[in-house]
Amino acid sequence: MRFVKTYNDFKLDCKLELKPGTITALIGRNGSGKTTLFKLYLGLIEDDDKHTNQVNKEEIGVVWNDSSFSLVLNVLEIKKILMYSYTHFDCDYFDSMISRFELDPKKPLKEYSTGMLSKLKIIIVTSLHAKILLLDEPTSGLDVIARNEVLDLLRDYMEQNEEVSILISSHIASDLEGLCDEFYFVEKGKIILQEQDLESYALLKGVDETVDLSYALKRIGTTYLTNERQFYVENYPNLVIEKAHIDDLMEYMIKGETI
Amino acid sequence: MIIINNSSMIPIYEQIVNQVKQNIVDGKLKEGDVLPSVRGLSKDLKISALTVKKAYDILEADGLCRTVQGKGSFVLGVNPGLVHEQRVVEIQKNLEKVLDKAKSYDLSQDEIRDLFEILMEE
């Protein structure tokens, strides 16, 4: 699906497709258009043709980075609300997750830490039996341990629900490396890279004139980014070849000089 | 059990393929055994499901396992001779690469032979 939206000095133009059984990552800086894309997908805002995307709200679960239930409520009260509001709410799953993550069901949310609130949001969204999950920066502000717990919960969910698709955004890209199956890199409203196989990327150091740079994409200083790692591993034993992580890809795709 | 080395330059799917093959050759995986589900293994190893899928596809193409939709991937019976043959082919390919490189560096056949003998003695 293609989404086009123009604000005063900002134009978003992205094609995005969510496939069943896959976790798709949306990676970009703050202000690159990730949240706008979420809103367009959900039909919360009109696109440039005054068209709003039609989605089945029962089938989609959403977590916004800054959203929360009222902080005076506790988990027991929230559970009641969810039971009345959602026909597919899975009470047993919800209870088991609350105890797995040792969240106190009787404590009002205002006494919860940032990590606890994030876990609760993910537990709620996975309890609704939604077919599509849109998670906007679900791990931001979390420490390493809490982040991995949240990501593990998502992995469990995918294992148990094979037809679900998840779209997850983050500017802490390393979070998404071992989780996602497809990666969209967004910059200034455009998809600058769409990739499934991050393993083929590498950083090349110690490049001299004997090195064939036909497969190099970008350069920052004397380091080159390639998407043909095996070619350089096999042909240049003396070259220093490092794995390119998502953060490297972001930096090189945005700041790098095109070869 | 499969162990992934994240800092290795061997692609992760290849690491999985190699280890499953090794387990089959060592008899740790037997005919009819079920491999972990794609999502299950991806969760355990914290890697993308597509990487696991790629590895399973290669194993299937190599005739080492068969995937039944909705049931999982099963290990097929392998002839140990076949495994050996595959390895010989693999080594042959690697040697060909080395020889190509040696030729491009203008090494003589005798020099290559000498090197090979020295290494074999070690």
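Every value quoted in this text rests on a predicted model; they were computed, and no experiment measured them.

### Focus on the environment of Ile58(B)
Residues and elements named next belong to chain B. Tracing the backbone through its elements, the reader meets isoleucine 58 in helix 3 (residues 49-61). On the basis of relative accessibility, which here comes to 27%, the residue isoleucine 58 falls in the partly exposed class. Distance from isoleucine 58 to valine 17, taken between C-alpha atoms, is 7.3 Å for residues 41 residues apart in sequence.

### As for the pattern of salt bridges
This model, assessed by the stated rule, comprises 19 salt bridges over all chains. In this structure, the salt-bridge partner of Lys79(A) is Asp95(A), at a minimum N-O distance of 3.0 Å. You can see Lys79(A) sitting in helix 2 (residues 75-85) and its partner Asp95(A) sitting in helix 3 (residues 91-100), a full 16 residues away along the chain. Assessed through its relative accessible area of 17%, Lys79(A) is described here as buried. Residue Lys43(B) pairs with Glu159(A) through a salt bridge whose shortest N-O separation is 2.8 Å. On the criterion of chain membership, the pair formed by Lys43(B) in helix 2 (residues 38-45) and Glu159(A) in helix 5 (residues 144-160) is interchain, its members lying in two chains. The class of Glu159(A) is partly exposed, set by a relative accessible area of 27%.

### Side note on the domain arrangement of chain A
Residues and elements named next belong to chain A. The domain boundaries assigned to chain A delineate domain 1 (2-194) and domain 2 (199-258). Relative placement of domain 1 and domain 2: their C-alpha centres are 33 Å apart. Carbon and sulfur atoms make up 73% of the surface buried where domain 1 meets domain 2, a total of about 940 Å² over both sides. Broken down residue by residue, the surface that domain 1 buries against domain 2 is led by Glu177, Phe185 and Leu193, which jointly contribute 45%. Here domain 1 is connected to domain 2 by zero salt bridges. Where domain 1 meets domain 2, there are two residue pairs in polar contact (both at pLDDT 80 or more). Those elements that place two or more of their residues in the side of domain 1 that touches domain 2 are strand 3 (23-28), strand 7 (182-187) and strand 8 (190-195).

What counts as what
- Residues numbered from 1 in each chain as written.
- Chains lettered and ligands numbered in written order.
- Predicted model: local features only at pLDDT ≥ 70, side-chain atom pairs only at ≥ 80, totals over all residues.
- Heavy atoms only, no water.
- Helix = DSSP H or I, 4+ residues; strand = E, 2+ residues; numbered from the N terminus.
- Buried < 20%, exposed > 50% of the residue type's maximum accessible area, 1.4 Å probe, protein only.
- Salt bridge = Lys/Arg side-chain N within 4 Å of Asp/Glu carboxyl O.
- Domains from an automatic or database assignment.
- Buried area = accessible area lost by both parts, 1.4 Å probe.
- Polar contact = N/O pair within 3.5 Å; in protein donor to acceptor, adjacent residues only side chain to side chain.

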